[in-house]
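# Structural features, examined
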Amino acid sequence: IRCGAVRRGRSGSRVVHVLVAGLRCASLPEILPSAFREPTAIHLMGLPALTRLPDEIFADIPHLASVALDDLANLTTLGHRFCASCPRLKRIDICVPSLTSIGSQFLHDCGELTEVSCAECPVSSVGNHFLSGCARLTSVHLRPLSQTQSIWRISHPCDRSQITQV
């Protein structure tokens, strides 16, 4: 596990990257929201025991700029307010072929967010306020949702022509 690698940026600002991966973490069944305080980038991978990311995970992190989730073989659910209220978040990549449910307020109020990629995820359930408050969002890549679920719960001024389903 590599967690909390800290270095100084050019301006002397603190840059924190968090990578949670590796053989020692293979049996990690849960990650608590309080585990992450000041990262600028988060990459979760290789955690086969993880089935759900809890409510409020990665929410309200002021300097978080990017998030990547991949190789999480059994992850099925992202809880409510996943990465919500992260004012500097610009990009998120979710490559989780087992992900079927996204809670309410997914990426809510991430004003700098420009790109969301969930093209590998067979999501069938999306909560309310999906991507709400993401005024700079220009690119969303999603698999088509089930026939009973509408993707157009998006409540922000994004040009829907920029949202692609693959």
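First, a word on scope: everything that follows refers to the structure included in this document. (Residues numbered from 1 in each chain as written. Predicted model: local features only at pLDDT ≥ 70, side-chain atom pairs only at ≥ 80, totals over all residues. Heavy atoms only, no water.)

### Some points on the overall build of the chain
Secondary structure summary: the chain contains zero helices and twelve strands in total. Moving toward the C terminus, one meets the helices and strands of the chain in the order β-β-β-β-β-β-β-β-β-β-β-β. Across the 166 residues of the chain, 43% fall into the buried class. Expressed as a percentage of contacts within the chain between residues at least 6 apart in sequence, the contacts between residues at least 24 apart total 51%. Split by element, the accessible area of the chain, about 8200 Å² in all, is 51% carbon and sulfur. (Helix = DSSP H or I, 4+ residues; strand = E, 2+ residues; numbered from the N terminus. Buried < 20%, exposed > 50% of the residue type's maximum accessible area, 1.4 Å probe, protein only. Contact = heavy atoms within 4.5 Å. Areas by Shrake-Rupley, 256 points an atom, 1.4 Å probe, with all protein chains shown as cover.)

### Topic: the pairing of strand S5 (residues 66-70)
Of the strand pairs in this sheet, strand S3 (residues 41-45) and S5 are connected by five bridges, and their pairing is parallel. Each residue of the ladder has a partner; that of Leu-44, found in S5, is Leu-69. In terms of strand pairing, S5 meets strand S7 (residues 91-95) through five bridges, oriented parallel. Bridge pairing in S7 links Ala-68 to Asp-93. (Pairing = 2+ DSSP bridges.)

### Topic: the pattern of salt bridges
Under the counting rule described, the total for this entry stands at six salt bridges. Asp-55 is paired through a salt bridge with Arg-52; the nearest N and O atoms lie 3.3 Å apart. The salt bridge partner of Arg-91 is Asp-93, with a shortest N-O separation of 2.8 Å. A single salt-bridge network, built from bridges that share partners, covers Glu-56, Asp-60 and Arg-81. (Salt bridge = Lys/Arg side-chain N within 4 Å of Asp/Glu carboxyl O.)

### Here we look at the packing of aromatic side chains
Applying the stated rule across the entire model yields three aromatic pairs. Aromatic side chains Phe-58 and Phe-82 sit 5.8 Å apart centroid to centroid with 65° between the ring planes, which places their arrangement in the edge-to-face category. In this pair, Phe-58 sits in the loop between strand S4 (52-53) and S5 while Phe-82 sits in the loop between strand S6 (77-78) and S7, placing the two residues 24 residues apart along the sequence. The class of Phe-58 is buried, set by a relative accessible area of 1%. Residue Phe-82 is classed as buried on the basis of its relative accessible area, which comes to 0%. Relative to Phe-106, the ring of Phe-82 has its centre 5.8 Å away and its plane inclined at 10°; by these criteria the two rings are stacked. Here Phe-106 lies in the loop between strand S8 (101-102) and strand S9 (115-118) and Phe-82 lies in the loop between S6 and S7, a separation of 24 residues in the sequence. Residue Phe-106 is classed as buried on the basis of its relative accessible area, which comes to 1%. Three or more aromatic residues joined by ring pairs form one cluster here, namely Phe-58, Phe-82, Phe-106 and Phe-130. (Phe/Tyr/Trp six-rings, centres within 6.5 Å; stacked < 30°, edge-to-face > 60°.)

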